[in-house]
Amino acid sequence: MSIERDKIWTGTINKQALEPQPRHTIGLYDTTLRDGEQSVGVVLMPDEKLEIARALDAAGIDRIEAGFPRVSEDDWRAVELIAAAGLRAEVWGFSRAVRADVEALVELGITASVIESPISDGKLSALGVSRDTMLDRIRSAVSFAAENGIDVAFFGVDSSRADLEFFRRAYAAAVEAGATEVVVVDTIGIATPEAAALLVGEAVDLVGHDVPVHWHGHDDFGLATAAAVAAVQAGATWVQGTVNGMGERAGNADLIEVALALEALYGIPTRLDLSKAHELSRLVQERAGTPLAPWKAVTGENLFVRESGAVAAQFEDPPAVEPYAAALVGQERGIVLGKKSGVDSIRIKAAELGLAVPEDRYPGLLAEVKRVGTEKRGLVTDDELRRIAAGETLHGEKVPFPAAGLGDGVVRVRRLTADDADHVLRGLNDPQILRDAGFPPSEHTAETVREKIERTRPAQMRTGEAAEFAIADAATDAFLGSIILHGFRWAASQAEIGYWVLPEARGQGVAGRAVTLLAHWAIEELGFNRIEAYVPVDNTASLRTIQRGGFTEEGTVRSVLDQQRGHVDLAQYSLVRGDLDRRRPRSKRVGG
């Protein structure tokens, strides 16, 4: 896709240093659904793989590797679904140099596939296979696939550590057997950009310019994007990689990064619609449960967000502080407040929020913003700035809950007060609550509960350890139960939610409403990507509650120690940011 050059602000030095460059369009081959899923702990279900495949297709990815069907029934089903989805992108399979793997592709009607075979002496030794035996396997598998109408790209595993003479023999054997394309593979990410260029050049010289050469690299030394660019400069016409660089160990080349680098820095076109980069990245993060570092190139959440006061002074002149426009990659610009803010930060944010603050108050507001940001060791939220501007003195909280609480007209989630102590104590002594929540027998008194409400819980909100709130009747403010965010994993933007309600409030749906309000707020206002819940599989009432809250069941965590019942099985549920994009309305503050 042709990039909008007026959104690139990189100056002229690259053009001066790099001309001439190849100008043919580079194909992007995505292997997120196979190689990306090899990331530790990642499991993508067939319907999720289909959803990602459709998003890849919409973003302009040229080829999608649907998977390795012989891995499992789910992988078979995913390949089947994607092949039948009518995508514009070519759908490719994956196979070892094993006849049964190829037969599976034939059965599924797949017409193009990578066929892999190890070619380094280290890999061959580990498998106990000689070079000649592996050459026979390559010829047999490739010829069988070609005879059955499958276009083959031969994939020499560990190419970058193979003996160069055997590298040539293996690729020549594959092409002679019917491979129409070849993939040079840096399996464990050891190739420098110069080595990538050398290997691709060897492959191009060997097979000729009529046989497309791919580059497939990993990021173990942080050079995956640079190596991919060097491979293209040396004659590769396809780059293989994944969204977000997912993959084993340090991951694969990130196709989005590669595409932007090729187009913006080298003037080499691809067909990727970069305006869909952020959306595509977010989808894969959510489905895989693998949040990115906020400073990640191209798709990180902080790339176009500014806290520094020095930068805020230039914020209204994007080319002065950014190398390319946020809209180019589907991002948005923004100012946030914290310890590093300046007077211009206050001016811009106040205007954005419509706060009628005279200019002579900016220094005072800045001092308070810096104090609160330092105390909470984080950012000052928009709601906190409103409260500071209104004259309220805040103490920095990692979990800055709005003073007015959250409400939907039926229930209200609000801060606990000392007046709630007797009700909380009653809940902590209720046999059903103790059993369902797995709490130990209560040793609390009204005094210890009051101490918890007035001191312990506020301290935990300041440090980000936990955040407990009251579930109250929206009309009368009567205490109905408790709801808590805990188990915070701030770096991963994840937390866990728990709840209980008093006997007189059960069966009215109040817990489900409170879960919806608090979970949505945590995602929308705190910026969390994922909220989890764990419910005993035999607690049907609580299962209904979490389902009403819009959470999706993910599986069962077996035999978890429970202080009331020994070991129990827990149903695992989650609500992720992408779910909110499909479900509305959002949580809202009481009183606007």
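Residues numbered from 1 in each chain as written. Predicted model: local features only at pLDDT ≥ 70, side-chain atom pairs only at ≥ 80, totals over all residues. Heavy atoms only, no water.

Undergrad: Describe the domain arrangement of the protein, with residues and values.
TA: The assigned domain composition of the protein is domain 1 (8-288), domain 2 (305-389) and domain 3 (406-583). Inter-centroid distance (C-alpha atoms) of domain 1 to domain 3 is 45 Å. Taken residue by residue, the interface counts four residues in domain 1 and five residues in domain 3. A combined buried area of about 400 Å² lies between domain 1 and domain 3, and 34% of that area is made up of carbon and sulfur atoms. In terms of surface lost to domain 3, no three residues of domain 1 exceed Arg 282, Glu 286 and Arg 287, which account for 89% of the buried area on that side. Counting the contacts that link domain 1 with domain 3 gives zero salt bridges. Across the domain 1-domain 3 interface, the total number found is one residue pair in polar contact (both at pLDDT 80 or more). Broken down by element, the side of domain 1 that touches domain 3 gets its largest block of residues, three residues, from helix H11 (residues 277-288). Counted by class, the side of domain 1 that touches domain 3 contains no nonpolar, no polar and four charged residues. (Domains from an automatic or database assignment. Contact = heavy atoms within 4.5 Å. Buried area = accessible area lost by both parts, 1.4 Å probe. Salt bridge = Lys/Arg side-chain N within 4 Å of Asp/Glu carboxyl O. Polar contact = N/O pair within 3.5 Å; in protein donor to acceptor, adjacent residues only side chain to side chain. Helix = DSSP H or I, 4+ residues; strand = E, 2+ residues; numbered from the N terminus. Nonpolar A, V, L, I, M, F, W, Y, C, P; charged D, E, K, R; others polar.)

Undergrad: Summarise the packing of helix H20 (residues 510-524) against helix H21 (residues 540-548); cite the residues concerned and give the values.
TA: Relative orientation of the contacting elements H20 and H21 amounts to 40 degrees, with a least axis distance of 8 Å. On the basis of their axis angle, the class for H20 and H21 is oblique. Like other packed secondary-structure pairs, H20 and H21 cross with a definite hand, here right-handed. Between H20, through Ala 511, Gly 512, Val 515 and Thr 516, and H21, the contact on the second element is made entirely by Thr 545, Ile 546 and Arg 548. Considered class by class, the residues forming the contact of H20 with H21 number three nonpolar, three polar and one charged. (Axes fitted to C-alpha atoms, helices over the stretch in contact; angles between N-to-C directions. Parallel < 35°, antiparallel > 145°, perpendicular 65-115°, else oblique. Left-handed = near helix turned anticlockwise from the far one by under 90°.)

Undergrad: Could you give an account of the side chain of Ser 120, naming the residues involved and the relevant values?
TA: Along the polypeptide, Ser 120 turns up in the loop between strand S4 (112-118) and helix H5 (121-127). Side-chain polar atoms of Ser 120 contact the backbone nitrogen of Lys 123, separated by 3.2 Å. A distance of 2.7 Å separates polar atoms of two side chains, one belonging to Ser 120 and the other to Asp 158. The residues touching Ser 120, leaving out its near neighbours within four places in the chain, are Val 157, Asp 158, Arg 161 and Ala 162.

Undergrad: An account of the pairing of strand S8 (residues 238-241) is requested, with residue identities and associated values reported.
TA: Here S8 shows no split at all, with Trp 238 and Gln 240 on one side and Val 239 and Gly 241 on the other all buried. Traced from strand S7 (residues 213-217) through helix H9 (residues 224-233) to S8, the parallel crossover comes out right-handed. (Buried < 20%, exposed > 50% of the residue type's maximum accessible area, 1.4 Å probe, protein only. Right-handed = clockwise from strand over helix to strand, strands pointing away.)

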